[in-house]
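Given next are the chains, with one letter for each unit.
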Amino acid sequence: MKCSLKNILLFCILIANQLPGFGNDGKSLFIENCAICHTIGKEKLIGPDLKNIQKIRSLEYFQAFVKNSQEVIKSGDSIAIAVYQDYDETIMPEHSLSNIEIDSIWQFIQTFEGDAYFEYVAPAPKVKTTKIWIVYVVLIVFLISIAFLKRKWLCKYFESISNKIPITKLFAKRWKSIGIFILVTASFIELNHIGIFIGYQPKQPILFSHEVHCTQNKITCRYCHYEAYKGQHGGIPPLSTCMNCHKYVNKGTLTDTLEIAKLYDWAGFDFKTKEYNREQMPLGWVKVYNLPDHARFNHQIHFNANVTCNQCHGKVEEMKEIRQAASLTMKWCVDCHTTSNVPLVGYYSEKETSNFKAMSADERANFTLRSDTVYKVYKNMGGLDCYKCHN
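Residues numbered from 1 in each chain as written. Predicted model: local features only at pLDDT ≥ 70, side-chain atom pairs only at ≥ 80, totals over all residues. Heavy atoms only, no water.

(A) Fine view of the overall build of the protein chain. Helices and strands together make up the secondary structure of the protein chain, namely 20 helices and two strands. Buried residues in the protein chain amount to 30% of all 391 residues. When contacts within the protein chain are restricted to residue pairs at least 6 apart in sequence, long-range pairs at least 24 apart make up 66% of them. Counting every atom, the protein chain has about 24,800 Å² of accessible surface; 60% of that belongs to carbon and sulfur. (Helix = DSSP H or I, 4+ residues; strand = E, 2+ residues; numbered from the N terminus. Buried < 20%, exposed > 50% of the residue type's maximum accessible area, 1.4 Å probe, protein only. Contact = heavy atoms within 4.5 Å. Areas by Shrake-Rupley, 256 points an atom, 1.4 Å probe, with all protein chains shown as cover.)

(B) Structural detail: the pattern of salt bridges. Applying the stated criterion across every chain yields a total of five salt bridges. For the salt bridge of Arg278 with Asp265, the shortest nitrogen-to-oxygen distance reads 3.6 Å. Of this pair, Arg278 sits in the loop between strand E2 (275–276) and helix H15 (299–304) while Asp265 is found in helix H14 (residues 258–267), placing the two residues 13 residues apart along the sequence. For Arg278, a relative accessible area of 39% gives the class partly exposed. Its salt-bridge partner being Asp335, residue Lys331 comes within 2.9 Å of it at the nearest N-O pair. Residue Lys331 and its partner Asp335 are located together in helix H17 (residues 330–339), separated by four residues, close to a single helical turn. (Salt bridge = Lys/Arg side-chain N within 4 Å of Asp/Glu carboxyl O.)

(C) How the structure looks around the packing of aromatic side chains. Evaluated as defined, the whole model comprises 10 aromatic pairs. For the pair Tyr264 and Phe269, a centre-to-centre distance of 5.3 Å together with 50° between the ring planes defines the contact as tilted. Each member of the pair, Tyr264 as well as Phe269, carries the same accessibility label: buried. Put simply, the rings of Tyr264, Phe269, Phe271 and Tyr276 pair up and form one aromatic cluster. Stacked on the ring of Phe271, the Lys or Arg Lys274 has its end atom at 3.8 Å from the ring centre. (Phe/Tyr/Trp six-rings, centres within 6.5 Å; stacked < 30°, edge-to-face > 60°. Lys NZ or Arg CZ within 6 Å of the ring centre and 35° of its normal.)

(D) Spatial organisation of the environment of Cys224. Among the structural elements, Cys224 can be located in helix H12 (residues 221–224). Between the alpha carbons of Cys224 and Pro237 there is a distance of 5.4 Å; along the sequence they are 13 residues apart.

(E) Layout of the environment of Leu239. For Leu239, the location among the structural elements is in helix H13 (residues 239–246). Considering only alpha carbons, one finds Leu239 and Tyr264, 25 residues apart in sequence, at a separation of 9.4 Å. Apart from residues lying up to four places away in sequence, Leu239 is in contact with Leu263, Trp266, Ala267, Gln280, Met281 and Leu283.

(F) Main features of a nonpolar patch on the surface. Taken together, the side chains of Phe197, Tyr200 and Val286 present a nonpolar region at the surface, about 250 Å² in accessible area. Checked against the element boundaries, Tyr200 lands in the loop between helix H10 (174–191) and helix H11 (210–216). (Patch = residues over 30% accessible without salt bridge, like charges linked within 9 Å, V, L, I, M, F, W, Y side chains within 5 Å.)

(G) Summary view of the packing of helix H3 (residues 59–67) against helix H6 (residues 99–111). Axis separation between H3 and H6 bottoms out at 10 Å; the angle between their running directions is 115°. The element H3 and its partner H6 pack so that their crossing is right-handed. Contacts between H3 and H6 involve Leu59, Phe62, Gln63, Val66 and Lys67 from the first element and Asn99, Ile102, Asp103, Ile105, Trp106 and Ile109 from the second. For the contact of H3 with H6, the residue count by class is seven nonpolar, two polar and two charged. (Axes fitted to C-alpha atoms, helices over the stretch in contact; angles between N-to-C directions. Left-handed = near helix turned anticlockwise from the far one by under 90°. Nonpolar A, V, L, I, M, F, W, Y, C, P; charged D, E, K, R; others polar.)

(H) Structural context of the confidence of the model for the protein chain. Residue-level pLDDT values for the protein chain average 75, and 70% of them are 70 or greater. At the level of individual helices and strands, the protein chain shows its lowest average pLDDT in helix H20 (residues 373–381), which scores 47, and its highest in strand E1 (residues 269–270), which scores 92. Scored below 50 in pLDDT, residues 16–23 shows 12 contacts in the model against residues more than four places distant or in partner chains. Contacts for the low-pLDDT stretch residues 368–379, under 50 throughout, to residues beyond four places or in other chains number 16 contacts. (pLDDT = per-residue confidence, 0-100.)

(I) Quick look at the nonpolar core. In this structure, Phe30, Phe62, Ile105 and Ile109 are the most contacted members of the largest nonpolar core, which totals 24 residues. In this structure, Phe62 is in contact with Ile53, Ile102, Ile105, Trp106 and Ile109, ignoring residues within four places of it in sequence. (Core = buried A, V, L, I, M, F, W, Y, C linked by side-chain atoms within 4.5 Å.)

(J) Seen up close, helix H2 (residues 26–33). When H2 is considered as a whole, its buried residues turn out to be Gly26, Leu29, Phe30, Ile31 and Asn33. Against the buried residues of H2 lie H6.

(K) Just the packing of H2 against H6, in detail. Two elements in contact, H2 and H6, have axes separated by 8 Å at closest approach and are oriented at 100°. What the angle tells us is that H2 and H6 run roughly perpendicular. Along its contact with H2, which presents Gly26, Lys27, Leu29 and Phe30, the element H6 presents Glu101, Ser104, Ile105, Phe108 and Ile109. Classifying every residue of the contact of H2 with H6 by side-chain character gives five nonpolar, two polar and two charged. (Parallel < 35°, antiparallel > 145°, perpendicular 65-115°, else oblique.)

(L) Layout of the side chain of Ser327. Within the secondary structure, Ser327 sits in the loop between helix H16 (309–313) and H17. What makes Ser327 buried here is its relative accessible area of 2%.

(M) Fine view of unusual backbone geometry. One non-glycine residue, Lys218, lies in positive phi territory at about 60°. The phi angle at Asp256 is positive, at roughly 60°, despite the residue not being glycine. Residue classification places Asp256 among the partly exposed positions, given a relative accessible area of 42%.

(N) Representation of the state of the cysteines within the structure. Here the structure, examined in full by the defined rule, presents zero disulfides. For Cys224, which is in no disulfide, the shortest distance to another cysteine sulfur is to Cys242 and amounts to 6.6 Å. With no disulfide of its own, Cys389 has Cys333 as its nearest cysteine by sulfur position, at a separation of 6.6 Å. (Disulfide = S-S within 2.5 Å.)

Here it is in structure tokens:
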């Protein structure tokens, strides 16, 4: 088999491309792991705003806190304890990120200009060099050097393989080699993103702004999505819910009468006569959050456990158009189940509730040692058993 330096270089680049963390830029890592709880340059969300975090924390401290915040808190660190108390003792999930990935997030936070929570108008500014790219440049140069020095051995190795597999025919021409390389690389990239739709924002038949309805008009989530508080599905409100207000309001803040006129067409309503004179048409909203058929999610259970809408759906009250804010991957769900302490408030008697609320953080952590009925129910609320989500 002809073993040219070009083929060796292509082989080394392909191997390097599959190393953990390669190609994971800080922005995508921030959106995937941080943006549900933290903003950059806006206001505090579930956790503190991370703008200028580098001015008050070191990279090493940031790495330790991201990996296991509870361990830092239990060590007696006064800063960590103060943050924990300021945010109502909300437990930050542990993140299985490498130091290189956390460095990328750190760099993105420092270089991001403007303010945002999870959907950015412009990409993060490009910098000349970062630590992660220095590491990979050095690594690729090292692999190329080894490949060049050991090229005779590599050639023999490829020849031994070609005796069993017709690689010589596969790579007989240069264009075939290049085509196969591009195909394999593209396949790995695409396979890594199957089923993940962060930022999915389908075009809806009516421009509905949550920012206008929730923030400006102070309409609560529960008014429209009341099914989420008593059943499995979040649900889309019926036309009658919309018409409770829009019988009398025919002009919108953003679009004047244009979009509300579409609502009247759906509902068969005449604003001038204030009467329904046509048959209602089926709702045409496009669903944004879609779970696989083999997964089950119950909104009521999570609502009763004091999980807020923002933890899964992002800061909807600031969205002009709804979009998917979380990955909804199994890892994302399991991480939350692993680290969340489901509150007892509202489940048990006043005595049991007050006893739990009076516990210290250590006592709550040791609560798993109890074997009475209260603990058995508590343990089963947010566990990791497969059948709870896949039955």
